[in-house]
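Listed here are the chains, written in short residue letters.
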Amino acid sequence: MAAMWEVAVLHALSGLGSVQNEVPLSSGRRPDIAFASAELGFVADITSVSDDGLDSRNPFSTLMHEIELSKTRLGLATGGLHLDVQSVREQRRRGTVTTLRLPERARIPDFVREDVLPRLREQIAAKEPILRISLEDENVGLSITIDPKKSPYNSGHYAAYDIPTIRDKNPLYSAMKAKADQLRAAEGLKGIIVGDAGCRALADRGPGGDGLSARQIAAELLRQYSSIDFVLLLSVREAPNDWARPGRPERGNWALLEMRGRHAQAAAFDALFRRMMAALPPPVMMPTNGALRAQEPGYDLGHHGGYQLGGRKVRIGARELIEVLAGQRTLADDGAKFPGRGSAPARPNIVQAAFARNLAEGRLPAAVTVIPTDEDDSDDWIEFEFGDVDPAIAPLK
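Residues numbered from 1 in each chain as written. Predicted model: local features only at pLDDT ≥ 70, side-chain atom pairs only at ≥ 80, totals over all residues. Heavy atoms only, no water.

1. Notes on the pattern of salt bridges
Then comes step 1: For the structure shown, the criterion picks out 17 salt bridges.
Then comes step 2: For R215, the salt bridge is made with E258, and the minimal N-O distance between the two is 2.6 Å. Linking R215 in helix α6 (residues 214-224) with E258 in strand β12 (residues 250-259), this pair joins segments that are 43 residues apart in sequence.
Then comes step 3: Residue R215 is classed as partly exposed on the basis of its relative accessible area, which comes to 41%. (Salt bridge = Lys/Arg side-chain N within 4 Å of Asp/Glu carboxyl O. Helix = DSSP H or I, 4+ residues; strand = E, 2+ residues; numbered from the N terminus. Buried < 20%, exposed > 50% of the residue type's maximum accessible area, 1.4 Å probe, protein only.)

Structural data, given as structure tokens:
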């Protein structure tokens, strides 16, 4: 994610002036940007920020994943899991800290094997229709419900532990502070550009309660580091879908510029970064999802599981089709990321049924067409158009 944001920003600025990358300072540091134009010049570092540290200390997703894997090994259907976790809210002198009552991340596999699986096995043996477990001690407080009727979806409930409440003790401030320290030896105007890699402080939602906004945190950084002239925060905003606007949600780049006091060149910075934002490529997913995809092996799924049917035409994703022909999956996998790991799907695959229906009627493809997509898409479509009934394979009438 950090590399992605750096490439995007360098590309956008390159059309607005002279951009040099990693010009060494006297300290040996190599800032990401040395920008110069007729109106403005500055040195800046680009970084990204996520809540990975907070997630590691509150490993809700890790526990959810481990329980799902374990119950699948017991023969239970994919999904139907609901995990409810208690929390502790500690009031400190400068703010509050919320911590989930969960086992330590490293101990989760042992916790599931020793404390969860034996109880699941007992209830499965007793033929309980819904499995329920409550666990509580001085460190852990949670309840697990597994309802097969709610497959294939999982859900959970826990207190928000990632809302920043202390101005200089949160992931966003820490990421900016590291770059501010590295820019001490730079001359002229200096700034920090922060890209969102899944950070609650940059999300499109109010801080809530005693939570702090991204602007407040950026202002605190500028207050403590008088050598830094500006902070530019970058993220993505998504317009919610409603019944009147079906289809993919609309996403757009978002920026917040915070400058020191009444900076003499504030207007020039504002104009430059507005032009830079217009030159950024359009986002295809939200930062949190992008960060998750970046951690996965291989490429994302493309159009796997997607299809279009109409008349005698069947359209499926090109990559999924090639994987089917290569023997890596079947259409019955429904485009699953990891086929074969869960139980069989509850319904027949619609695309497979369409092919079977045409074959049963004695129809063969009359045309196979590649439907290319644009550069922002990760997959093309393959469209089969079936012809008239072929007497060579059609039943005699």
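2. What about the pairing of strand β11 (residues 230-239)?
Then comes step 1: Within β11, eight of the ten residues are buried, which leaves the element mostly enclosed by the surrounding structure.
Then comes step 2: Pairing of strand β10 (residues 190-196) with β11 involves five bridges; the strand directions are parallel. Paired with V194 across the strands is L233, a residue of β11.
Then comes step 3: Across ten bridges, the pairing between β11 and β12 is antiparallel. Residue pairing in the sheet places V231 in a bridge with E258 of β12. (Pairing = 2+ DSSP bridges.)

3. Focus: a nonpolar patch on the surface
Then comes step 1: Together, Y307, L309 and I350 give the surface a local cluster of nonpolar side chains, amounting to about 240 Å² of exposed area.
Then comes step 2: Mapped onto the secondary structure, Y307 falls in strand β13 (residues 307-310). (Patch = residues over 30% accessible without salt bridge, like charges linked within 9 Å, V, L, I, M, F, W, Y side chains within 5 Å. Areas by Shrake-Rupley, 256 points an atom, 1.4 Å probe, with all protein chains shown as cover.)

4. Describing the sheet that holds β13
Then comes step 1: Ordered in space as β13-β14-β16-β15, the four strands form an open sheet in which the pairing is antiparallel. Of all the strands in the sheet, the pair left with one neighbour each is β13 and β15 (363-371). Going from strand to strand, the sheet's axes swing by 15° on average, the running direction of each strand aside.
Then comes step 2: Packed onto the sheet, helix α9 (residues 318-325) meets β14 (313-317) and β16 (381-389) and runs at close to 85° relative to β14. (Axes fitted to C-alpha atoms, helices over the stretch in contact; angles between N-to-C directions. Contact = heavy atoms within 4.5 Å.)

5. Concerning unusual backbone geometry
A negative phi holds for most residues other than glycine; trans holds for most peptide bonds.
Then comes step 1: With a phi close to 55°, E22 is a non-glycine residue in the positive phi region.
Then comes step 2: Looking at the secondary structure, you find E22 in the loop between β1 (18-20) and β2 (33-36).
Then comes step 3: The phi torsion at K127 lies on the positive side, around 60°, for a residue other than glycine.
Then comes step 4: Structurally, K127 can be placed in the loop between α4 (108-125) and β7 (131-136).

6. So, empty space enclosed by the protein
Then comes step 1: Tallying each qualifying case throughout the model produces one cavity of 30 Å³ or more.
Then comes step 2: Put simply, the largest cavity is a space of about 60 Å³.
Then comes step 3: Taken together, G305, G306, Y307, I316, E320, L331, D334, G335, N349 and V351 form the lining of the largest cavity.
Then comes step 4: Within the lining of the largest cavity, the residues separate by chemical class into four nonpolar, four polar and two charged. (1 Å grid on protein atoms, 1.4 Å probe; cavity = no way out; pocket = protein on both sides within 12 Å on 5 of 7 lines; lining within 4 Å. Points joined across faces, edges and corners; volume = space filled by probe spheres on them. Nonpolar A, V, L, I, M, F, W, Y, C, P; charged D, E, K, R; others polar.)

7. Some details on the nonpolar core
If you look at soluble globular proteins, the nonpolar side chains tend to sit buried side by side.
Then comes step 1: Core analysis: the biggest nonpolar cluster contains 26 residues, and L172, M176, I192, L221, I228 and L233 have the highest contact counts within it.
Then comes step 2: At the level of secondary structure, the elements contributing two or more residues to this core comprise β3 (41-49), α5 (171-182), β10, α6 and β11.
Then comes step 3: Other than its neighbours up to four places away in sequence, I192 contacts D45, M176, K179, A180, L183, L221, I228, F230, V231 and L232. (Core = buried A, V, L, I, M, F, W, Y, C linked by side-chain atoms within 4.5 Å.)

8. Considerations on helix α8 (residues 287-294)
Then comes step 1: When we look at burial in α8, the residues that qualify are P287, G290 and A291. Axial view of α8: buried residues confined to an arc of 100°, hence all on one face.
Then comes step 2: Packing partners of the buried residues in α8 comprise β10 and β11. (Arc of directions from axis to C-beta.)

9. Section: the packing of helix α1 (residues 2-14) against helix α7 (residues 266-279)
Then comes step 1: Contact pair α1 / α7: the axes reach a minimum separation of 8 Å and the direction vectors enclose 115°. By the angle class used here, α1 and α7 are roughly perpendicular. In the packing of α1 onto α7, the handedness of the crossing is right-handed. Contacts between α1 and α7 involve V9, H11, A12 and L13 from the former and L272, M276 and A279 from the latter. (Parallel < 35°, antiparallel > 145°, perpendicular 65-115°, else oblique. Left-handed = near helix turned anticlockwise from the far one by under 90°.)

10. Details of the sheet that holds strand β8 (residues 141-146)
Then comes step 1: With respect to topology, four strands assemble into an open sheet ordered β7-β8-β4-β9, the strand pairing being mixed. Both outer strands of the open sheet, β7 and β9 (155-157), are each paired with one neighbouring strand and no more. Each neighbouring strand pair of the sheet contributes to a mean axis angle of 10°, computed without reference to strand direction.
Then comes step 2: The pairing of strand β4 (residues 81-85) with β9 spans three bridges and is classified as parallel. Bridging from a neighbouring strand, D84 pairs with H157 of β9.
Then comes step 3: Each of β7 and β8 is contacted by α4, which is oriented at about 145° to β7, the strand it contacts most.

11. Section: the confidence of the model for the chain
Then comes step 1: Scored by pLDDT, the chain has a mean of 90; 94% of the residues are at 70 or more.
Then comes step 2: Per-residue pLDDT, averaged within each element of the chain, yields its smallest value for α8 (86) and its largest for β10 (97). (pLDDT = per-residue confidence, 0-100.)

12. Remarks on the packing of helix α3 (residues 60-73) against α4
Then comes step 1: Packing of α3 against α4 brings their axes to within 10 Å, and their N-to-C directions diverge by 50°. With respect to α4, the element α3 is oriented oblique. Between α3 and α4 lies a crossing whose hand is right-handed. Here T62, L63, E66, I67 and S70 of α3 come into contact with α4, specifically with I108, P109, F111, V112 and L117.
Then comes step 2: For the contact of α3 with α4, the per-class residue count stands at seven nonpolar, two polar and one charged.

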